Amino acid sequence: MIYCDHNATTPIRPEVLEAMLPFLRNEYGNASSVHRLGSRARCAVEEARAHVAALLGARPSEIVFTSGGTESNNLAIQGMARASGGGAIVTTPIEHASVREAVGRLQEEGTVVHEVPVNDLGQVTAAAVAARLSEPCALVSVGWANNEIGTVQPIGDIAAFCGRCATPLHVDAVQAVGKIPIHVRGVDLLSISAHKLGGPKGVGALFVRSGIELRPLLVGGGQERGHRAGTENVAGIVGMGAACRLAAAEIGAYGEACLALREALWEGLRGAAPDVCRNSPVDAECLPNTLNVSFSGVRGEALVAALDLDGVAVSSGSACAAGAGEPSHVLMALGHTADAARDGVRFSLGRTSTMAEIEHVVSITAAAVRRIRAARRRMLNGEC
Amino acid sequence: MVNLKDPRHQASDSEHSPFTIHYSPFDTLTAPRGERVVVGMSGGVDSSVAAALLVEDGYEVIGVSMRLWGDASGSGCCSLDDFLDARRVAAQLGIPFYVMDFRDVFTRNVVQPFVAEYLAGRTPNPCVHCNQFVKFASFSDRARELGAQWVATGHYARVIRDPQCASAQLWAAVDAAKDQSYFLFAIEPEVLARTLFPLGGLTKTAVREHARRLSLPVAEKPESQEICFAPKGEYADFVARYAGNTVQPLAGAIVDDAGQMLGTHDGIHQFTIGQRRGLGLSAPQPLYVTAIDAQTGTVRVGARAATLAQGLRATRPNWLTDGPLPVGTRLRIKIRSRFAATPVTLGAATEDGFEVWASAGLPAVTPGQAAVLYADDRVVGGGWIERALPVAGAITPAHG
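Because the structure is predicted, anything quoted here is derived from the model rather than measured. (Residues numbered from 1 in each chain as written. Chains lettered and ligands numbered in written order. Predicted model: local features only at pLDDT ≥ 70, side-chain atom pairs only at ≥ 80, totals over all residues.)

### Structural notes on the overall build of chain A
- Of regular secondary structure, chain A possesses ten helices and twelve strands.
- Taken along its principal axes, the extent of the C-alpha atoms in chain A is 75 × 55 × 35 Å.
- Burial analysis of chain A (384 residues in total) assigns 51% to the buried set.
- Here the contacts in chain A between residues at least 6 apart in sequence split such that 73% fall between residues at least 24 apart. (Helix = DSSP H or I, 4+ residues; strand = E, 2+ residues; numbered from the N terminus. Buried ≥ 20, exposed ≤ 12 C-beta atoms within 10 Å, placed from the backbone. Contact = placed C-beta atoms within 7 Å.)

Right, dumping it as structure tokens:
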């Protein structure tokens, strides 16, 4: 199996697993306990917190551990809106479902929501956000990088506008962290997830700038400075810390390596399969590991299944529970029709990808596209 | 061990058939072993066993669940639970499994015609439409995209093909109680030639036994029988809701044979030919719907004898023979799914339609339902009932 679906999740890194294992075995203490077992767990959690903070340019006290990116986004958006007591929310039409649904819930409860349009590459301009900030807003929520097509937003510029009018800014950085350098400068809330950068599933974090008030989603024992009650997932948090420590050391090399592979993949596909369209932007405007393409006349669903049968793992749209069918809301926001929005296929590379794999992926994909197009031609001609 | 799926070992209940045509099954070959087969998996016991038997027989099997309707969160068809059951079976069998989206083609070819037929005073059969357009035509297209020449389902019916696999015959299942060949008559011959029905030679009991033998997680799962997109007993509500504000179901009078008004109703979509219950009438004799006039909205009722026709005319036929059969051919017909096949004689038969005549009469011939023709146990063709041909009694039907 050649794994080209790193935006869905990543293989856990061996160093991360090693760091976690003691906390799944003998170091089972509750980080809130007074005894030495508990104390060692507390130390491990706080060391991890420091690693996460360092990767983001934050202070450790500003890191809240959660169950993952979805909880981080919900805590940021619902927690902020409920603490500020009203005011509009500004967001984009290409956000992850956990942002869209959290905003949607507030909208049902009466919050005004403004969607800033994106261009045909999924880019938001700071000016478009600024245009919405002429009236007071409770929160701006923009994803740093898009999960489906990889578009990277000008977060620095957006942060500057938000700072000027004192509007809190939430950034969903789940797809950006570990892939491109990110920093919380000018950002008030920032979501990340461990399993997107070689850590375990079920753990994430929310950066909450010192002084920001949130209404917690979960109340109870007062853990995480009252932002998120519940006994800490010590092993998961330790794994996340380890993954962040590794990512901080390697981020430059990672970007260069992925970019070279990604461009080789694009050149290969373009050469081997006619009528392929690149839905992702190029250069610095895109995550270095992400390539979203459409092969005309080839449904994404069919190509994903065909590639899986031939040992290549990719995605169409974003993963969902039913596992089929929905056109990509991201591609539709970029101006694709509902039909065309079913054709996008995402190749997302990672730390384990190699040039030999890319060459394989190109030839397997080209063959699958040829076969599907031939089947389609036979259908249209009514042959059997 | 006897291969239960090989028709050479299958018993037939038609050894003493009184009809003039006798087909004997070709010496069959199914798909060559090792070839790739895409099997439609609903999460039920039948399609699960079908997939398992194909795996045991050495095919390269791919499981696909068809997402047909709804948002996959509700109950009934296409629920997450059913997909999960199918996925678990596939995992146990060690075969790849995918959920694929057929909602567009299902809405266009099954749901919309279902509603339109009821609004036009006919009684549709959505399962036949689904088999024709979705479960076989579109499905086999998707199979080809996955590099598979063959498709399979858990239907109870048999395909018998010649050694060159060039043509195929559709036969009723060995288990007459489970036979689903009626629902399959409209499959195009080219698609039928690439179809496998692994359960056609098995009884339901045997299928359950296979499921238990293989420890399939769905071995004890109950049957689902109703129309998947509209809960049983609520078709009229569904039609009214789906038609919405665009088309109002036609209201009108309920009259007897003499044209005497007996009552009113608020939509012809609530009635089907032969219906006795829910008429809202009180009469000394049981009354049955004998005709529905979609122009005026009039529903005619009469005694049971008035629902008996001498024959019927069907349109849009699908012939599973080399073209239409000759006039005078003696066949058997099914005009509903639960209907004992009745002897008929073929009248005119063309590529546009056919007429049949039954000396014993045909009860409650219902426009919109499928009329499926059998020679012995072989499905030789079928069509869509347009109208009854003159009733045996003295009464002329409204459509006459």
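### Quick word on the overall build of chain B
- For chain B, the count of helices and strands is seven helices and 17 strands.
- In chain B, the proportion of contacts linking residues at least 24 apart, taken out of those at least 6 apart, comes to 67%.

### A look at the sheet that holds strand β11 (residues 299–302) of chain B
All names here are of chain B.
- Strand order in the open sheet formed by four strands is β9-β8-β11-β10, and the pairing between neighbours is mixed. Two strands lie at the open edges of the sheet, namely β9 (261–265) and β10 (288–292), each paired on one side alone. On average, each strand axis in the sheet is inclined to that of its neighbour by 30°, with strand direction left out of account.
- Here β10 runs beside β11; their pairing, made up of four bridges, is antiparallel. Opposite Y288, over in β11, you have G302 as the bridge partner. (Pairing = 2+ DSSP bridges. Axes fitted to C-alpha atoms, helices over the stretch in contact; angles between N-to-C directions.)

### Some thoughts on the domain arrangement of chain B
Residues and elements named next belong to chain B.
- According to the domain assignment, chain B contains domain 1 (26–213), domain 2 (250–302) and domain 3 (307–391).
- For domain 1 versus domain 3, the separation of C-alpha centres amounts to 25 Å.
- Across the boundary between the two partners, domain 1 contributes 16 residues, which contact 15 residues of domain 3.
- It is strand β6 (residues 168–172) that provides the largest number of residues to the side of domain 1 that touches domain 3, a total of four residues.
- Among the residues forming the side of domain 1 that touches domain 3, the class breakdown is ten nonpolar, four polar and two charged. (Domains from an automatic or database assignment. Nonpolar A, V, L, I, M, F, W, Y, C, P; charged D, E, K, R; others polar.)

### Comments concerning the interface of chain A and chain B
- Tallying the contact residues gives 17 residues for chain A and 18 residues for chain B.
- Every element with two or more residues in the side of chain A that touches chain B is listed here: α8 (300–309) and α10 (355–380) of chain A.
- The element best represented in the side of chain A that touches chain B is α8(A), accounting for six residues.
- Split into classes, the residues belonging to the side of chain A that touches chain B amount to eleven nonpolar, two polar and four charged.

### A word on α10(A)
- Taking 1.5 Å of rise per residue, 26 residues should cover 38 Å, and α10(A) covers 37 Å from first to last C-alpha, within 8% of that figure.
- Of the surrounding elements, those touching the buried residues of α10(A) are β1 (2–3), α7 (234–272), β10 (290–295), α8 and β11 (312–313) of chain A together with α4 (126–145) of chain B. (Expected span 1.5 Å × (residues − 1).)

### Structural notes on the environment of Y235(B)
- Mapped onto the elements, Y235(B) comes out in helix α7 (residues 235–243).
- Separated by 52 residues in the primary sequence, Y235(B) and L287(B) have C-alpha atoms spaced 22 Å apart.

### Considerations on the sheet that holds strand β8 (residues 204–208) of chain A
Residues and elements named next belong to chain A.
- Taken together, the seven strands give an open sheet; going across it, the order is β2-β8-β7-β6-β5-β3-β4, and neighbouring strands pair in mixed fashion. In the strand order of this sheet, the two ends are held by β2 (63–66) and β4 (113–115), each with one partner. Strand after strand, the sheet turns through a mean of 20° between neighbouring axes, direction not considered.
- Two elements, β2 and β8, share four bridges in a ladder whose sense is antiparallel.

### As for unusual backbone geometry
- One non-glycine residue, A166(A), lies in the positive phi region at around 55°.
- Along the chain, the position of A166(A) falls in the loop between α6 (155–164) and β6 (169–172).
- Of note, A364(B) is a non-glycine position whose phi angle comes to about 50°, a positive value.
- With respect to the secondary-structure elements, A364(B) resides in the loop between β15 (353–363) and β16 (370–375).

### Points about the pairing of strand β8 (residues 252–255) of chain B
Residue and element names in this part refer to chain B.
- Relative to β9, β8 runs antiparallel, the two sharing four bridges. Across the sheet, residue G252 finds its bridge partner in β9, namely H265.
- Connecting β8 to the antiparallel partner β9 that follows it, the hairpin turn spans five residues, and G259 within it adopts a positive phi of roughly 85°.

### Overview of the packing of α7(A) against α10(A)
Residue and element names in this part refer to chain A.
- Running from N to C, α7 and α10 cross one another at 25°; their axes reach a closest spacing of 9 Å. One way to sum up the angle between α7 and α10 is to call them roughly parallel. The hand of the α7/α10 crossing is right-handed. On α10, the residues that touch L261, A264, L265, G268, L269 and A272 of α7 are M355, I358, E359, V361, V362, S363, T365 and A366. (Parallel < 35°, antiparallel > 145°, perpendicular 65-115°, else oblique. Left-handed = near helix turned anticlockwise from the far one by under 90°.)

### Some words on the nonpolar core
- Residues L303(A), V37(B), A51(B) and L312(B) are the most contacted members of the largest nonpolar core, which totals 151 residues.
- Among the nonpolar cores identified, the runner-up in size contains 85 residues, and V45(A), L75(A), A194(A) and V203(A) belong to it. (Core = buried A, V, L, I, M, F, W, Y, C linked by C-beta atoms within 7 Å.)

### A word on the environment of A264(A)
Residues and elements named next belong to chain A.
- With respect to the helices, strands and loops of the structure, A264 is situated in helix α7.
- The exposure class of A264 is partly exposed, given the 16 C-beta atoms found within 10 Å.
- As for A264 and I180, which are separated by 84 residues in sequence, their C-alpha atoms are 19 Å apart.
- If sequence neighbours within four positions are ignored, A264 has contacts with M355 and I358.

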